[in-house]
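Notes for the structure review
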Amino acid sequence: MTDQPSAGSGEPIGPVTMLATPIRLDFDFTPGVAQSRFLRGLERGTFLGQRCPTCHKVYVPSRGTCPTDGVATTEDVELAGTGTVTTYCVVNVPFAGQSIEIPYIAAQVLLDGANLSFMGLIQEIPADEVRMGMRVEAVWVAPDELTPSLASVRYFRPNGEPDADYDTYKEYL
Amino acid sequence: MSPAAAGRTVRPVSIASFAQAQNVRRDDVHNEVEGLLPVIEEVFSTIGITKDDVDFICSGSTDYLIGGPFSFVMALDAVGVWPPRAESHVEMDGAWALYEAWVLLQEGKADAALVYSFGRSSLGDLGEILTLQLDPYYLAPLGPDIVSLSALQARALIDAGKASEADFAAIASRSRRDALGNPKAQVRQDVAVEVLLADDYVVSPLRRHALPPITDGAAAIVLAAGDKATRWSERPVWITGIDHRSETHSLGARDLTTSPSTASAAAMAGLGAGPVDLAEIHAPFAHQEIILKEALGLDDAVAVNPSGGALAANPLMSAGLIRIGEAANRIASGGADRAVAHATSGPCLQQNLVCVLEGA
C-alpha cells in the first residue's frame, strides 16, 4: 500500500492492487473450575491434579473432565514436585521475546503420581547431559513471587536419583 | 411415514433426546468443556443410554467465540472419545451438525448420532467478531456490525410497508412472555408493547428489545434410526424433511425483506405437504420473524416460538439446534403433531435450514 500515491497528492491514483485490513480481537479467558484449582495450586507452590473416577488416571492440569471417559474429574490430587523426563528437545534457535539463554532444554516431565506429562524447562545441567528417564524436581520462584501462573515454576533440575526404568514412562511418550 | 418433498424418500430418523444448558448472560465459572459436560450427560441419561450407544458424533461451534484454535477438539473431552469414534464438526450452528449426522444416517452408515453445539457469546466483542463473517474484500473492511446491518434490513422492511416498529415490539413482548414458561430461557418478562416502545433506539429502527440477548449456552440432541428410534422414545418424533440453502454473501445483491433460501429449503423439506401446529423460528432480531413467517408460508393460526425463541436466549452456535429440540419436545409431549423448526446463520438471514418434524 505504501508505494501507492494517496488521494490529494496530486498524482493519479492507479488501480488498487493490495488492501491491508488489520484484524485484532480481544477475548476474556475463563479457565473453569478445574483449571482454576490448578492455577491456585501454583500460587501455593504445588501441582494440583485431578483423578478420573472411572479410569483413575490423574491429569495435571485437568480441564474438568477425563478425555477418555467423558466424566467429570472431581477428586483433587496434590502431586510431589518430582518427576521423570520422558522426552525433551534442545532449543538452539533464538526468537523474539526470548527470556533465557540458548541452548536450553524444553522437556516433557511426568510428575510422580500423574498420568499426563507436563512441559517444563530443564536447567542446572549441561544441555548435552539431559536424557530420557532423568529424575528431576521443580524449582519454584520465591514464596512472595508465587502467582496463579506457570511462571511460578522457574524450571526443573536433576534431583540426584538414579534414572527411571524405561518401562515406567514408555506409555507417556 | 410421509415421503418428503421433491420425490425423495427418507430413512426415518427421530429426535430421540434433547438437552440444553441454562442460558445465561455470562458463565464465569465454567470453561467450554465443563459447560458442555452436563448437557451431554443429560441428553444420554434422559433416554437411558451412554456414548457407547451412538456411532457418530457431530458438533457445531466456532473458534471466533473463544478466541482460540481447535476448540471443537477440546470440547470432545466432554464426550470421551475412546475407543476412537467417527466424529465430525461444522463451523456452523449445531443445526447444520444435525444435518450432517442426518445425512450419515440416511446412508445407513450409522443408526444413532450425538449432535451438540456450544458457544460463549460473552467472551469477546460480538460487534467486531460477527463483522468478520462478512465478505472479506468489500464489506468486512468497512466494519459494519451485525446490529447495524440488521437495522438496515428492518428499515427496508418498514419502507416496503411490510412491518412497523410496533410489530417488532409486539414480537419481543410475546417472546419474553412465552419465555416465562421456559425455565432455560434468559430473558423472561411480562412487559407491554407500549413499555418496550418507550426504549431508546440502539440503531434505528431497532430498540433494545428487537435485539437478541448475549448468551452463553450449549445444546445436544441424539438422533436415532431403526430399532433404536422406537426403543428410545415412547412417541418418536420423526424428521420427515430437512434442507438448507444459502444466499449470496453480497448483501447489496439481496432483497433483505424476503428470504428465498428459507422458502427453497421449506419446499425441499416438504413443509407444504400439510399444516403445522407450531413453528420454532430462529429469528435473532425481532423483524426477522416477520420475514421468515412469510417465507415459510405460516398463517397466524400457527404458534410461533412458544419457547420464547432467540429473543429470549440466543446462545450463538446453539440457538438453531435448540429450535429443533424445542419443537421436538412439544411433539413428544403431545402438544403438537407436526412442527417446523428453522435455523439461520450469517448476516441478515444469509443461510437457512428448515426441518419438518412429525409425531408418530
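Cut-offs applied
- Residues numbered from 1 in each chain as written.
- Chains lettered and ligands numbered in written order.
- Predicted model: local features only at pLDDT ≥ 70, side-chain atom pairs only at ≥ 80, totals over all residues.
- Heavy atoms only, no water.
- Buried < 20%, exposed > 50% of the residue type's maximum accessible area, 1.4 Å probe, protein only.
- Helix = DSSP H or I, 4+ residues; strand = E, 2+ residues; numbered from the N terminus.
- Pairing = 2+ DSSP bridges.
- Domains from an automatic or database assignment.
- Contact = heavy atoms within 4.5 Å.
- Buried area = accessible area lost by both parts, 1.4 Å probe.
- Salt bridge = Lys/Arg side-chain N within 4 Å of Asp/Glu carboxyl O.
- Polar contact = N/O pair within 3.5 Å; in protein donor to acceptor, adjacent residues only side chain to side chain.
- Nonpolar A, V, L, I, M, F, W, Y, C, P; charged D, E, K, R; others polar.
- Axes fitted to C-alpha atoms, helices over the stretch in contact; angles between N-to-C directions.

1. What to know about the pairing of strand 5 (residues 104-111) of chain A
Where a strand is regular, its side chains alternate between the two sheet faces. All names here are of chain A. Most of strand 5 sits out of view: seven of its eight residues are buried. In this sheet, strand 5 lies alongside strand 4 (residues 82-91) in antiparallel orientation, the contact comprising eight bridges. In the sheet register, valine 90 faces strand 5, and the bridge partner there is isoleucine 105. As defined by bridge partners, strand 5 adjoins strand 6 (residues 118-122) across five bridges and the pair is classed as antiparallel. Residue pairing for strand 6: valine 109 is matched across the bridge by phenylalanine 118. Counted between consecutive antiparallel strands, the loop separating strand 5 from strand 6 contains six residues, among which glycine 113 sits at a positive phi close to 95°.

2. Points about the domain arrangement of chain A
Residue and element names in this part refer to chain A. What the domain assignment lists for chain A is domain 1 (30-79) and domain 2 (81-173). Taking only C-alpha atoms, the centre of domain 1 and the centre of domain 2 are 20 Å apart. On the domain 2 side, the residues contacting the 16 residues of domain 1 number 18 residues. Interface area for domain 1 against domain 2, summed over the two sides, is near 1,400 Å², with a carbon-plus-sulfur share of 73%. When residues of domain 1 are sorted by the area they lose upon contact with domain 2, Leu42, Phe47 and Leu79 head the list and together hold 41% of the total. In this assembly, domain 1 and domain 2 are joined by zero salt bridges. Counting the contacts that link domain 1 with domain 2 gives one residue pair in polar contact (both at pLDDT 80 or more). For the side of domain 1 that touches domain 2, the secondary structure elements donating two or more residues are helix 1 (32-43) and strand 2 (58-59). Residue contributions to the side of domain 1 that touches domain 2 peak at five residues, all from helix 1. In the side of domain 1 that touches domain 2, the residues fall into nine nonpolar, three polar and four charged.

3. Here we look at the environment of alanine 113 of chain B
All names here are of chain B. Inspection of the secondary structure puts alanine 113 in strand 4 (residues 112-120). Taking the relative accessible area as the measure of exposure, alanine 113 reaches 0% and is therefore buried. For the pair formed by alanine 113 and alanine 86, sequence separation is 27 residues and the distance between their alpha carbons is 9.8 Å.

4. What about the sheet that holds strand 8 (residues 237-246) of chain B?
All names here are of chain B. In space, the ten strands of this open sheet follow the order 3-2-4-7-1-8-12-11-9-10, with mixed pairing throughout. Strands at the two margins of the open sheet, each flanked by one partner only, are strand 3 (87-90) and strand 10 (303-304). Of the pairings in the sheet, the one linking strand 11 (residues 338-345) to strand 12 (residues 351-359) comprises eight bridges and is antiparallel in character. Residue alanine 341 lies in a different strand from strand 12, and its bridge partner there is cysteine 355. The strands touched by helix 10 (residues 260-268) within the sheet are strand 8, strand 11 and strand 12, with strand 8 carrying the most contacts at an inclination of about 145°.

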